[in-house]
Amino acid sequence: MRVRRLDPILVDRIAAGEVIERPASAVKELVENALDAGASRIDVAIEAGGRRLIRVIDDGCGMSAEDLALAVERHATSKIPDGDLTAIATLGFRGEALPSIAAVADLTIDARAAGAEVGAQIRVEAGEKRGLKASNWPKGARVEARDLFAATPARLKFLKTERAETAAVADVVKRLAMANPAVRFSFAADMGASFDYPACGASEEGRARRIAQALGTEFADNAIALHAEREAFRLEGLAGLPTFHRANALMQYVYVNGRPVRDKLFSGAIRAAYLDFLSHDRHPALALFLECDPRVVDVNVHPAKAEVRFSDPGRARGLVVGALKEALASALHRSADTPARAALDVLAERARTPGREWSAASGAGFSSFGGPPRSRPLDWNLRSSPSAPAGFAEPPQAAFDVGPPSADARPAAAPPAAAAVENPLGAARAQLHETYIVAQTKDGLVIVDQHAAHERLVYEKLKAQREAEGVARQLLLVPRVVELDATRLDALLSAQEELSALGLALEPFGPGAALVRETPAALGDIDVGRLIEDIADLLAEEGDARGLTRRLDALLARVACHHSVRAGRRLTAEEMNALLREMEKTPGAGQCNHGRPTYVELKLADIEKLFGRG
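Residues numbered from 1 in each chain as written. Predicted model: local features only at pLDDT ≥ 70, side-chain atom pairs only at ≥ 80, totals over all residues. Heavy atoms only, no water.

A. Structural detail: the overall build of the protein. Looking only at helices and strands, the protein has 19 helices and 25 strands in total. For the protein, buried positions account for 44% of its 614 residues. Taking as baseline every contact in the protein between residues at least 6 positions apart, the subset at least 24 positions apart corresponds to 68%. (Helix = DSSP H or I, 4+ residues; strand = E, 2+ residues; numbered from the N terminus. Buried < 20%, exposed > 50% of the residue type's maximum accessible area, 1.4 Å probe, protein only. Contact = heavy atoms within 4.5 Å.)

B. Broad picture of the packing of helix H2 (residues 23-36) against helix H5 (residues 162-179). Their axes nearest at 9 Å, the elements H2 and H5 cross at an angle of 25°. Viewed along their axes, H2 and H5 adopt a mutual orientation that is roughly parallel. Read as a crossing pair, H2 and H5 show a hand that is right-handed. Judged by residue contacts, Pro23, Ala24, Val27, Lys28, Val31, Glu32 and Leu35 of H2 engage Glu165, Ala168, Val169, Val172, Val173 and Leu176 from H5. The class makeup of the residues in the contact of H2 with H5 is 10 nonpolar, no polar and three charged. (Axes fitted to C-alpha atoms, helices over the stretch in contact; angles between N-to-C directions. Parallel < 35°, antiparallel > 145°, perpendicular 65-115°, else oblique. Left-handed = near helix turned anticlockwise from the far one by under 90°. Nonpolar A, V, L, I, M, F, W, Y, C, P; charged D, E, K, R; others polar.)

C. Quick look at the packing of H2 against helix H4 (residues 97-104). Packing of H2 against H4 brings their axes to within 10 Å, and their N-to-C directions diverge by 145°. For the crossing formed where H2 meets H4, the hand is left-handed. Between H2 and H4, the residues in contact are Ala26, Glu29, Leu30 and Asn33 and Ala97, Leu98 and Ile101, respectively. Grouping the constituent residues of the contact of H2 with H4 by class yields five nonpolar, one polar and one charged.

D. Seen up close, the nonpolar core. If you look at the biggest cluster of nonpolar residues, it comprises 63 residues, and the most contacted ones within it are Val31, Ile42, Ile54, Phe187 and Phe219. The element best represented in this core is H5, accounting for nine residues. The contacts of Ile42, once residues within four sequence positions are left out, are Val31, Ala34, Leu35, Val56, Ile57, Asp58, Val183, Arg184, Phe185 and Ser186. Of all hydrophobic cores here, the second largest spans 39 residues; its members include Ala272, Leu288, Cys292 and Ala331. (Core = buried A, V, L, I, M, F, W, Y, C linked by side-chain atoms within 4.5 Å.)

E. Highlighting the packing of aromatic side chains. A complete count under the given rule lists six aromatic pairs for this structure. Judged by centre distance (4.4 Å) and plane angle (15°), the ring pair of Phe195 and Tyr197 falls under stacked. Each member of the pair, Phe195 as well as Tyr197, is classed as buried. Ring geometry for Phe219 against Phe244: centres 6.1 Å apart, planes inclined by 50°, an arrangement best described as tilted. Taken as a pair, Phe219 in helix H7 (residues 217-221) and Phe244 in the loop between strand E10 (233-240) and strand E11 (245-246) lie far apart in primary sequence, 25 residues in all. Grouping residues by exposure puts Phe219 and Phe244 together as buried. An aromatic cluster is built from Phe187, Phe195 and Tyr197, whose rings are joined through pairwise contacts. Its guanidinium or amino end placed over the ring of Phe289, Arg207 lies 4.0 Å from that ring's centre, counting from NZ or CZ. (Phe/Tyr/Trp six-rings, centres within 6.5 Å; stacked < 30°, edge-to-face > 60°. Lys NZ or Arg CZ within 6 Å of the ring centre and 35° of its normal.)

F. Molecular detail of the pattern of salt bridges. For the structure on display, the rule yields 36 salt bridges. The shortest N-O distance in the salt bridge between Arg130 and Glu128 comes to 3.9 Å. Residue Glu128 is classed as partly exposed on the basis of its relative accessible area of 39%. In this structure, the salt-bridge partner of Lys461 is Glu582, at a minimum N-O distance of 4.0 Å. Pair noted here: Lys461 is in helix H13 (residues 450-469) and Glu582 is in helix H18 (residues 573-584), with a separation of 121 residues, a long-range link. We classify Glu582 as partly exposed; its relative accessible area is 23%. (Salt bridge = Lys/Arg side-chain N within 4 Å of Asp/Glu carboxyl O.)

Right, dumping it as structure tokens:
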């Protein structure tokens, strides 16, 4: 078969496959163009998940007729005036977006440059230009792409449902909106998922408001602000509390110079920062904005510009890990309020449900009831009522013997000191079922799981002790030789110092092998070969020694579990208050080692609403 030159239209369709994978890809390119044009308002509308229609309208600088005719040609752009790819300051730069969309759809563009007497319109059908026309478009540009992939029907088979494609487009617009709070964004679709984000300003407060618009006030209420700088890098954003976790990483938003990215460098850094707080199958929610000199980051490494490469990735990763750990440490005992909200919702639903009966399973100690409460006279008194049961006036324990109480109310014998109530976790008032501490705060109450809370405290103390005294080592009687491929061996040997600090002493042993002389004593008799292979895999993938750190931390967690206050132990008032005070000053005390909350706080106003007082 002879080599032949492909038809130009076919070349455009092949190239479009790299840039326009789905409707969301086309929307991303068009919205980025609008942002680069200096728009202060961007309106996006789609139909049928973007397959039938994509419309993006902006009030940016627009284009002249001459620029419009050239804009639909491949590799024609205004964003690299000097041809320098090492200092890209715009979201787009390749000049591929419009011709790629035009190659697989019916594209119509109306634009008008500032100061021009009349606008211009151009139409491209399946890669064929139809010529320029005058347009009465007032300002900026309007881009419409109809019948996406009509010219390449095979691509339609690989698209998801209209609802799924609509959700993907909405997510793209949301991500770009979060990075540009000074711009108003609106999104409309025939499948729902519509929104309208008013402009919030370019300040830090404006960014926080935009994040609340996009991710909801629940995230904003359960997140920690972070600010960090290191040489050429500056990091800002909001990091969700560990107890505000998710089943996947879809609620993680990372930006580099305003560009949304999905990069394994950042995903690894986020996991490393939250390693102490979440189990492996849970993911934190956060929004991080990294700013740096464009010359230290390469954005031209991915067809969809979804990944970046740093000249010094270790410095960027270290900044993210350090800033997140510092922010989480500053939160101390703080925990997400979602468990409390969920509990209140359940109670409120039960209170609203007519005929709902409380059983021993749903609420021990509550009497069964069915039907709405009846009103009683204000001066009604059960003790003076003719219907009062015999013996009611007697002391409760004498009237009906129900055995030993499950609630120890001895701390409530005397009112707590005002200063104790002012503490964040309040003053202990009772212990329920020898497991839960009930504390009174100035505006509500706190319920603490004593075992989970004390386990976290012991774990943090053990870690601090390890940091201060170092990791005990055990010398192998016979050094172990572990064979590895070149990639994993290089990654392993490059982290020798870090591994040595964790108690693992190794050295190169000829080509393709490492010699292990010492291992952490706390791990006992372990499979050295398996340990080294696991650590090498993580080092080759993410460049850190999390494998060994995780093993050591898991051991400390087991020790902490066995040496903490067990459920079923009755505590004195002094012990309970001491536990509360220790939680208030210990980083991470708001959740156990698996991300579950150690306490739940209920506000008095919410409790009053359950009783119809609100």
